Amino acid sequence: MAELTTTKLNAESHLLLDQPLLRMPYEQSRKTFNQARKYIQHEQTSVQKTLKATASAALKASQNPSSTPPADVLNNLDAMITKMQSLKRKLVDLNTAELATHASTQARLAHLQSLHTIPSLADVKYEEWSRVRLNRLLVDYLLRSGYGESAAQLAREKGIEELVDLEAWGQCARIERSLRAGRTQEAVAWCADNRKGLEKLGCNLEFELRLQQYIEMVRSCDTKKLIEARTHARKYLASHSETNFAIRAAGLLAFPPETEAEPYKSLYSPNRYSHLASLFLTTHNALYSLPSRPLLHIALSAGLSALKTPSCHSAYASSSANASSSTTTVCPICSTELNELARNVPYAHHTKSYVENDPVVLPNGRIYGWERLKRVNEKFGTEKGKVRDPTDLNVVFEDRAIKKVFIS
Amino acid sequence: MEALQREVEQLQKENNLEKTVEDVQKTIDLLLHARQAIAADASAAPVTMAKLQNSVQQSFDRVNRDLKPVHQGLNNYQKAVTNMFKDKPLPTAENDALSSHPSLVNRAIAMHLLREGQFSVAATFIEEANAHPPQPEPTPGTPNPYLQEAWEKDLANGTFNSQKLQQQFAEMYHILHELKQQKNLAPAIAWAKERSIVLENRGSNLEFELCRLQFVCLFKGGDIQGPPADPVLGVLRAMQYARSDFGPFQHRYGKEVSELAAAMPFAHNMAESPYRRIFYNDSAWEEVATSFTREFCSLLGLSADSPLYIAATAGAIALPTLLKLQKIMKDKRTEWTTQNELPVEIPLPPAYHFHSIFVCPVSKEQATDQNPPMMMPCGHVIAKESLDKISKGARFKCPYCPAESHPREAKKVFL
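None of these values were measured; they are calculated from a predicted model.

Asker: Is there a simple way to explain the overall build of chain B in this structure?
Answerer: Across its full length, chain B carries 16 helices and five strands. With 415 residues in all, chain B has 48% of them scored as buried. In chain B, the share of contacts with a sequence separation of at least 24, taken over all contacts with a separation of at least 6, comes to 60%. Total accessible area on chain B is roughly 21000 Å²; 52% of this is exposed by carbon and sulfur atoms.

Asker: Is there a simple way to explain the overall build of chain A in this structure?
Answerer: Regarding its fold elements, chain A presents 16 helices and five strands. Over its C-alpha trace chain A gives a radius of gyration of 34 Å, far above what one expects of a compact globule, namely 22 Å for 408 residues. If you line up chain A on its principal axes, its C-alpha atoms span 125 × 60 × 35 Å. Taking all 408 residues of chain A together, the buried fraction comes to 50%. Within chain A, contacts between residues separated by at least 24 positions form 64% of all contacts whose residues are at least 6 apart in sequence. Carbon together with sulfur atoms contributes 53% to the accessible area of chain A, which is approximately 18800 Å² in total. A gap of 4 Å separates the mean positions of the 53 positive and 43 negative side-chain charges of chain A.

Asker: What am I meant to see in the nonpolar core here?
Answerer: It is characteristic of soluble globular proteins that their nonpolar side chains tend to be buried jointly. In terms of nonpolar packing, the biggest core is built from 184 residues, with F215 and F279 of chain B touching the most fellow members. Once you skip the residues sitting within four places of it in the chain, F279 of chain B turns out to touch F215, V216, F219, K220, L260, A263 and M270 of chain B. In this structure, V361, I367 and V405 of chain A together with L415 of chain B belong to the second largest nonpolar core, which totals 20 residues.

Asker: When you look at the packing of aromatic side chains in this model, what are you seeing that I'm missing?
Answerer: Given two aromatic rings, their pairing is described by the distance between the two centres and the angle made by the two planes. Taken as a whole, this structure holds 13 aromatic pairs over all chains when the rule is applied. Relative to Y173 of chain B, the ring of F119 of chain B lies with its centre 6.1 Å away and its plane at 85 degrees, an arrangement referred to as edge-to-face. With F119 of chain B in helix 5 (residues 119–131) and Y173 of chain B in helix 7 (residues 162–180), this pair connects stretches of sequence that are 54 residues apart. By the ring-pair criterion, three or more aromatic residues cluster together here, those being F208, F215, Y241, F246 and F249 of chain B. Its guanidinium or amino end placed over the ring of Y39 of chain A, K90 of chain A lies 4.6 Å from that ring's centre, counting from NZ or CZ. Note that R131 of chain A overlies the ring of Y309 of chain B, its terminal NZ or CZ placed 4.1 Å from the centroid.

Asker: Help me understand the UniProt feature "zinc finger region: RING-Gid-type" (unreviewed entry) in chain A, please; the structure alone is not making it clear to me.
Answerer: Mapped onto the present numbering, the UniProt feature "zinc finger region: RING-Gid-type" (unreviewed entry) falls at residues 331–392 of chain A. Along residues 331–392 of chain A the backbone is 24% helical and 18% strand, and the end-to-end C-alpha distance reaches 18 Å.

Asker: Sorry, what's going on with the sheet that holds strand 2 (residues 381–383) of chain B here?
Answerer: Either a parallel or an antiparallel arrangement is found when strands of a sheet pair, and the pairing is made through backbone hydrogen bonds. All names here are of chain B. Taken in spatial order, the three strands of this open sheet run 2-1-5, and their pairing is antiparallel. Both outer strands of the open sheet, strand 2 and strand 5 (411–412), are each paired with one neighbouring strand and no more. Alignment of strand 1 (residues 373–375) against strand 2, held across three bridges, turns out to be antiparallel. Considered in strand 2, the bridge of P373 is made with A383. Of the strands in this sheet, strand 1 and strand 2 are in contact with helix 16 (residues 384–391), which crosses strand 2 at around 90 degrees.

Asker: Help me out: how do you make sense of the interface of chain A and chain B in this one?
Answerer: When the parts come together, some accessible area is lost, and that loss is often what is quoted as the size of the interface. The interface is formed by 152 residues belonging to chain A together with 157 residues belonging to chain B. Together chain A and chain B conceal approximately 14100 Å² of surface at their shared face, both sides included; 65% is due to carbon and sulfur atoms. Counting every contact that joins chain A to chain B gives four salt bridges. Our enumeration of links across chain A and chain B arrives at 37 residue pairs in polar contact (both at pLDDT 80 or more). If you tally residues by element for the side of chain A that touches chain B, the top one is helix 3 (residues 71–116) of chain A, at 24 residues. Here the side of chain A that touches chain B is built from residues that sort into 77 nonpolar, 48 polar and 27 charged.

Asker: Teacher, can you tell me more about the domain arrangement of chain A here?
Answerer: Domain assignment breaks chain A into domain 1 (19–117), domain 2 (167–287), domain 3 (301–349) and domain 4 (359–404). Taken over C-alpha atoms, the centre of domain 2 of chain A sits 71 Å from the centre of domain 4 of chain A.

Asker: What should I look at first to understand the side chain of S386 of chain B in this one?
Answerer: All names here are of chain B. Along the polypeptide, S386 turns up in helix 16. By relative accessible area, which is 5% here, S386 ends up buried. Apart from residues lying up to four places away in sequence, S386 is in contact with C360, V362 and S363.

Asker: Would you take a moment to explain the pattern of salt bridges for this structure?
Answerer: The full count for this structure, using the stated rule, is 28 salt bridges over all chains. Here E337 of chain A ties to R115 of chain B by a salt bridge, and the two come within 3.1 Å at their closest N and O atoms. With E337 of chain A in helix 15 (residues 336–339) and R115 of chain B in helix 4 (residues 102–115), this residue pair bridges two chains. Owing to a relative accessible area of 5%, R115 of chain B belongs among the buried residues under this scheme. Notably, a salt bridge pairs R400 of chain A with E398 of chain A, separated by 3.3 Å at the nearest N-O pair.

Asker: So what exactly am I meant to see when it comes to empty space enclosed by the protein here?
Answerer: Take a probe with the size of a water molecule and roll it over the atoms, and the empty space left behind shows itself. The full count for this structure, using the stated rule, is six cavities of 30 Å³ or more. Put simply, the largest cavity is a space of about 260 Å³. Along the wall of the largest cavity there are 19 residues; nearest its centre are S311 of chain A together with A367, D369, P373 and L415 of chain B. Broken down by class, the residue content of the lining of the largest cavity amounts to 11 nonpolar, six polar and two charged. Of the volumes computed, that of the second largest cavity is approximately 180 Å³. Residue lining of the second largest cavity: 17 residues in total, with L21, D140, L163, D165 and L295 of chain A positioned closest to the centre. When contributions to the lining of the second largest cavity are tallied by element, the ones reaching two or more residues are helix 2 (19–63) and helix 4 (124–144) of chain A. Of the residues forming the lining of the second largest cavity, the biggest block, six residues, is contributed by helix 4 of chain A. For the lining of the second largest cavity, a count of residues per class yields 12 nonpolar, no polar and five charged.

Analysis parameters
Residues numbered from 1 in each chain as written. Chains lettered and ligands numbered in written order. Predicted model: local features only at pLDDT ≥ 70, side-chain atom pairs only at ≥ 80, totals over all residues. Heavy atoms only, no water. Helix = DSSP H or I, 4+ residues; strand = E, 2+ residues; numbered from the N terminus. Buried < 20%, exposed > 50% of the residue type's maximum accessible area, 1.4 Å probe, protein only. Contact = heavy atoms within 4.5 Å. Areas by Shrake-Rupley, 256 points an atom, 1.4 Å probe, with all protein chains shown as cover. Rg over C-alpha atoms; globule rule 2.2 N^0.38 Å. Lys, Arg positive; Asp, Glu negative; His and termini not counted. Charge placed at Lys NZ, Arg CZ, Asp CG, Glu CD. Core = buried A, V, L, I, M, F, W, Y, C linked by side-chain atoms within 4.5 Å. Phe/Tyr/Trp six-rings, centres within 6.5 Å; stacked < 30°, edge-to-face > 60°. Lys NZ or Arg CZ within 6 Å of the ring centre and 35° of its normal. UniProt positions renumbered as here; feature names shortened; annotations may be inferred. Pairing = 2+ DSSP bridges. Axes fitted to C-alpha atoms, helices over the stretch in contact; angles between N-to-C directions. Buried area = accessible area lost by both parts, 1.4 Å probe. Salt bridge = Lys/Arg side-chain N within 4 Å of Asp/Glu carboxyl O. Polar contact = N/O pair within 3.5 Å; in protein donor to acceptor, adjacent residues only side chain to side chain. Nonpolar A, V, L, I, M, F, W, Y, C, P; charged D, E, K, R; others polar. Domains from an automatic or database assignment. 1 Å grid on protein atoms, 1.4 Å probe; cavity = no way out; pocket = protein on both sides within 12 Å on 5 of 7 lines; lining within 4 Å. Points joined across faces, edges and corners; volume = space filled by probe spheres on them.

In structure tokens, the structure reads:
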């Protein structure tokens with residue numbers, strides 16, 4: 001049988017919600033790296049090409065003694081040097097960014113590592129650690145919900161900027177917003193940046209985006225645009241694995257934007273943009289192996305259930321924890337913040353009763369631990385021989401009316 | 001974890017773009033050099049350029065080679081992460097009951113921020129949340145019969161009065177600050193006096209405890225405002241204070257008040273007197289502060305500790321168990337049939353138990369409003385459904401002792 005209470009802390013298995021914490025910096029560094037490689041490749045091709053041209057021009061010039069001085073050569077060299085210098089500047093910036101990412105990874109690891117030094121769940125240090133975690137989860141939630149300003153402010157005030165991914169989520173939110181506003185360029189650029197990963201996922205996002213661009217061209221009903229649309233479709237849509245996809249796109253040409261015929265009507269629909277936005281979010285989360293729901297939801301759903309008891313939404317005040325008496329602590333599920341949220345979650349499973357020591361029952365059916373009842377009544381200053389019900393202080397009983405009750 | 005640590009250190013020290021930058025600089029140097037040579041001697045141009053082509057090519061090769069360890073390092077890091085979370089998949093939110101109530105989640109967060117004293121963050125958040133109200137996402141598996149109810153609409157319409165709550169918490173933080181930092185009891189006492197009756201009905205001693213601490217302060221030579229005064233003067237002041245303010249406490253705290261009075265003669269050697277525990281209690285300030293916070297929150301119907309914190313922590317503690325359950329259920333291809341109860345017990349630290357729990361010893365089911373605990377005249381308690389089943393409406397023997405009783409003699413009890 002499972003134990004009722006535990007303070008054991010198994011740090012290894014406790015770190016379930018923290019995978020994204022270590023994944024995101026990797027994605028970030030990978031992006032930086034790819035950027036660097038792209039810059040280098042680009043400059044390499046261009047410099048080598050210029051170099052070759054200049055060299056052969058110089059050679060030709062030297063074979064022909066009457067020809068021009070090497071001013072061209074020098075100009076070309078200067079151009080190349082400027083290019084290379086700008087490449088270096090870019091690389092230095094990327095290097096700084098990369099090192100910052102690594103430093104934040106280091107900080108995250110230290111944060112996770114510190115959990116291993118905490119002996120038990122009842123330790124004060126665990127509370128501290130858990131508060132940092134809550135703030136992390138909150139920032140994650142705020143970022144996902146698009147409340148970037150609040151997220152940044154909270155992270156700043158709590159000093160946990162290294163433990164959260166403000167920038168990555170900021171970019172994600174920007175792209176999502178641009179899609180909702182009816183622009184596809186940003187999302188297409190994002191797809192280009194992540195082409196390899198997206199191919200591995202086998203996702204449709206880019207096709208859907210290209211299809212949307214195509215739809216917009218067709219919507220205009222302008223002949224020039226229609227021709228453009230045809231080339232666009234050949235270039236981007238024909239390679240879709242499902243032939244129906246391209247056929248449907250081609251069919252669209254035959255229908256005007258105000259058509260009632262499906263599926264073309266829904267293709268023309270402006271609702272497609274919000275569909276694209278959510279498709280982007282799903283793809284983004286899948287690509288970076290982030291959970292599709294905010295981490296806070298996952299933690300809270302589990303927590304609400306683990307804490308909830310049938311008493312939390314009962315019509316009767318609980319003797320052991322209610323807000324009307326200062327002798328009990330208010331249960332978090334009964335507290336205004338979470339009460340309604342917890343209404344739909346299942347309550348915790350218990351196989352054993354969990355009651356105060358020496359339970360006694362008052363004539364009105366309320367059960368209290370004898371020690372607590374005595375102590376509380378001393379505090380109230382109840383007259384001798386009488387006892388007050390801590391849940392409803394107006395009710396006074398004779399001492400003799402208290403009865404022992406057996407709960408197993 | 002150690003493997004990851006190593007990979008990150010490697011990335012920081014070795015496998016980054018630093019060397020690439022250096023080699024790019026070398027390429028630049030090559031170009032500069034060539035430029036100088038050609039500028040000095042134009043006739044050298046063809047030869048220099050031919051050579052340059054080669055060396056630049058090599059230099060770029062080096063740059064590209066420099067990228068390899070960076071790539072490798074990143075890959076190693078990713079592998080280490082994957083390895084670390086190998087048997088710990090991200091928990092899926094199968095029982096996500098929250099996505100369908102985003103405005104409730106937002107309200108809980110706003111209240112959490114306010115009660116933590118993060119007023120400016122809370123203000124920004126409320127503004128942003130009102131500007132972009134969240135979209136409820138109905139989640140499969142968690143039906144949502146409550147969406148139509150009034151309270152949900154109230155919240156969705158943004159009638160959540162954050163201004164008022166913020167004012168209240170601002171007041172709480174002000175009083176706490178005075179209490180803890182300034183050792184000034186006046187605001188707290190004023191607050192408690194205003195709510196004297198409510199507090200008394202709750203059975204709270206807060207007001208008296210605050211006044212007693214004030215008395216002790218004065219007695220020990222403190223002033224109402226703080227600066228220490230003459231010891232004799234202090235005792236006189238304390239007496240004066242007791243005369244003017246202790247009147248209402250006479251009845252309920254007669255014993256404590258007379259204790260304070262009896263301590264007076266010991267003014268000169270209080271440390272050896274029987275009353276030292278009242279006068280030299282180091283944790284007294286902390287205690288009244290905690291008790292004040294609790295009363296303050298309780299009067300607002302809130303728990304003293306942030307529920308969001310407790311629930312999120314409990315959730316993190318529960319997740320490994322739930323994950324294991326999910327795995328077992330998947331392996332055995334069974335479904336979780338009890339809709340309103342978790343299928344597994346989740347051990348939590350004792351501080352996370354708030355309500356008493358009654359599990360019927362006969363049916364092993366938890367008592368609910370529909371199936372409340374019933375006490376038989378012998379004092380044993382079983383759930384109502386079990387009682388009905390055993391008795392079938394006639395006299396029956398208690399399953400735990402020889403006593404016999406009639407079901408109508410059983411009484412509903414409240415835990």
